[in-house]
Amino acid sequence: MSPAPKPTTYKQYRKFEVLLDDLRKWIVSPEEDRRDQMAYCADQVGKFTQTLVYNPSQVSQIIDTINLLRASAGPGVVITEEELMRCLSDLMFLCVNVLLQKRHCDVGSSNQDQITPECETACHAILDQLIDFARGCFSVNRPRDSFGGKRRIQAFSMLGKASRILKIPDVFELAQQTLKDKKSGRDASGALAFLEEYFSHNKEPVSDALQATLKKFATRTSNRSLATGALNILVITNCISEFEARDRIDTWKEAHQLPQQNFEI
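Residues numbered from 1 in each chain as written. Predicted model: local features only at pLDDT ≥ 70, side-chain atom pairs only at ≥ 80, totals over all residues. Heavy atoms only, no water.

To continue, consider the overall build of the chain. Secondary structure assignment for the chain yields 13 helices and 0 strands. Scored against the burial criterion, the 265 residues of the chain give a buried share of 45%. Intrachain contacts of the chain at a sequence separation of at least 6 include 68% that bridge at least 24 residues. Entry remark: accessible area of the chain is about 14,500 Å², with carbon and sulfur atoms responsible for 50%. (Helix = DSSP H or I, 4+ residues; strand = E, 2+ residues; numbered from the N terminus. Buried < 20%, exposed > 50% of the residue type's maximum accessible area, 1.4 Å probe, protein only. Contact = heavy atoms within 4.5 Å. Areas by Shrake-Rupley, 256 points an atom, 1.4 Å probe, with all protein chains shown as cover.)

Moving on: unusual backbone geometry. Its identity as a non-glycine residue notwithstanding, Arg-144 has a phi of 50°, on the positive side. A positive phi is found at Asn-238, a non-glycine position, where the angle reads about 60°. Relative to the helices and strands, Asn-238 is located in the loop between helix H12 (224-236) and helix H13 (242-255).

The nonpolar side chains of soluble globular proteins are, as a tendency, buried together. By size, the foremost hydrophobic cluster in this structure holds 77 residues, and its most contacted members are Val-45, Leu-52, Leu-88, Phe-194 and Leu-195. Sort the elements by how many residues they give to this core and helix H5 (residues 77-104) lands first, with 12 residues. Apart from residues lying up to four places away in sequence, Phe-194 is in contact with Phe-156, Leu-159, Gly-160, Ser-163, Val-171, Phe-172 and Ala-175. (Core = buried A, V, L, I, M, F, W, Y, C linked by side-chain atoms within 4.5 Å.)

Further remarks concern H12. If you check H12, its first and last C-alpha atoms are 18 Å apart, about what 13 residues at 1.5 Å a residue would give, namely 18 Å. Those residues of H12 that fall on the buried side of the exposure criterion are Leu-226, Ala-227, Gly-229, Ala-230, Leu-231, Asn-232, Ile-233, Leu-234 and Val-235. Where H12 ends, the next residue or the one after it, Asn-238, has phi of about 60°, a positive value. (Expected span 1.5 Å × (residues − 1).)

What follows concerns the packing of aromatic side chains. Two aromatic rings, taken as a pair, are described by how far apart their centres are and by the angle between their planes. In the structure shown here, the tally under the stated rule is 8 aromatic pairs. An aromatic cluster of at least three residues, connected via ring pairs, comprises Phe-138, Phe-156, Phe-172, Phe-194, Tyr-198 and Phe-199. (Phe/Tyr/Trp six-rings, centres within 6.5 Å; stacked < 30°, edge-to-face > 60°.)

Here the focus is the side chain of Arg-151. Position of Arg-151 relative to the elements: it lies in helix H8 (residues 148-162). Overall, the relative accessible area of 1% leaves Arg-151 in the buried class. Only 2.7 Å separates the side chain of Arg-151 from the side chain of Glu-81, close enough to count as a polar contact. (Polar contact = N/O pair within 3.5 Å; in protein donor to acceptor, adjacent residues only side chain to side chain.)

This part takes up helix H11 (residues 208-220). With 13 residues, H11 should cover 18 Å at 1.5 Å per step; its first-to-last C-alpha distance of 18 Å lies within 8% of that length. If you check which residues of H11 are buried, you get Leu-210, Gln-211, Thr-213, Leu-214, Phe-217 and Ala-218. With its buried residues spanning 160° around the axis, H11 presents them on a single face. In H11, the exposed residues that point more than 90 degrees away from the buried face are Asp-208, Ala-209, Lys-216 and Thr-219. In the core, the buried residues of H11 are packed alongside helix H9 (169-180), helix H10 (187-201), H12 and H13. (Arc of directions from axis to C-beta.)

Once that is clear, we can look at the packing of helix H1 (residues 16-27) against helix H4 (residues 56-70). Here H1 crosses H4 at 10°, and the two axes come no closer than 10 Å. The orientation of H1 with respect to H4, classified from their angle, is roughly parallel. For the pair formed by H1 and H4, the contact residues are Phe-16, Glu-17, Leu-20, Leu-23, Arg-24 and Ile-27 on the first element and Gln-58, Gln-61, Ile-62, Asp-64, Thr-65, Leu-68 and Leu-69 on the second. For the contact of H1 with H4, a count of residues per class yields 7 nonpolar, 3 polar and 3 charged. (Axes fitted to C-alpha atoms, helices over the stretch in contact; angles between N-to-C directions. Parallel < 35°, antiparallel > 145°, perpendicular 65-115°, else oblique. Nonpolar A, V, L, I, M, F, W, Y, C, P; charged D, E, K, R; others polar.)

So this is what it looks like as structure tokens:
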């Protein structure tokens, strides 16, 4: 009778550098509990978010660790990358909020005084890193990459957050092209999320070309939630009314032979 496996033990981390060093060791480790250890370490990285938001060097180390992860294989790779990307997405949100707060504060207010020039500079540096990282996610090429679709969705989500404070015309164009591509698959949900975030915070008119793209996509897709998402963008930008959106969904249901249900935009 073989002995029972030893229970996995986990460290309690107080220093970010020690945590990241351990994560990198587990990435290249052949040990049986590698998957659980990697996932645990990735989860612990998120506990340092509030200090990472002002530390570009440490954020760069996370990105380097993700690149190491993408070059490896075996159990735990997907769940670890997903968790680390979630951490970077949270950092994007925090950096954008800090910079928006700095931008909107009245001169001489106590809120403005809380954001020092050094903090502002750090947030800008991190924002630049995260935007470059997210852009690069669209060109990652791994054999048998089960995380590819989710990776691009998360990248669109990160860039949507950044669009609250920066213009990103290349990503805006990529989102439109994704909706035009009949083989875009799950990437379309990321493109729609980006456009909704963009237009929720940027009060600018939607071009006739984009309106046509969204309407055509909503008609073509076989996924009701995606059709709803495309029409919702048109509603929040006042391109169509809620009544028209409901009418289009009813037409979509008939085309896809689905039973009529109450629908709200």
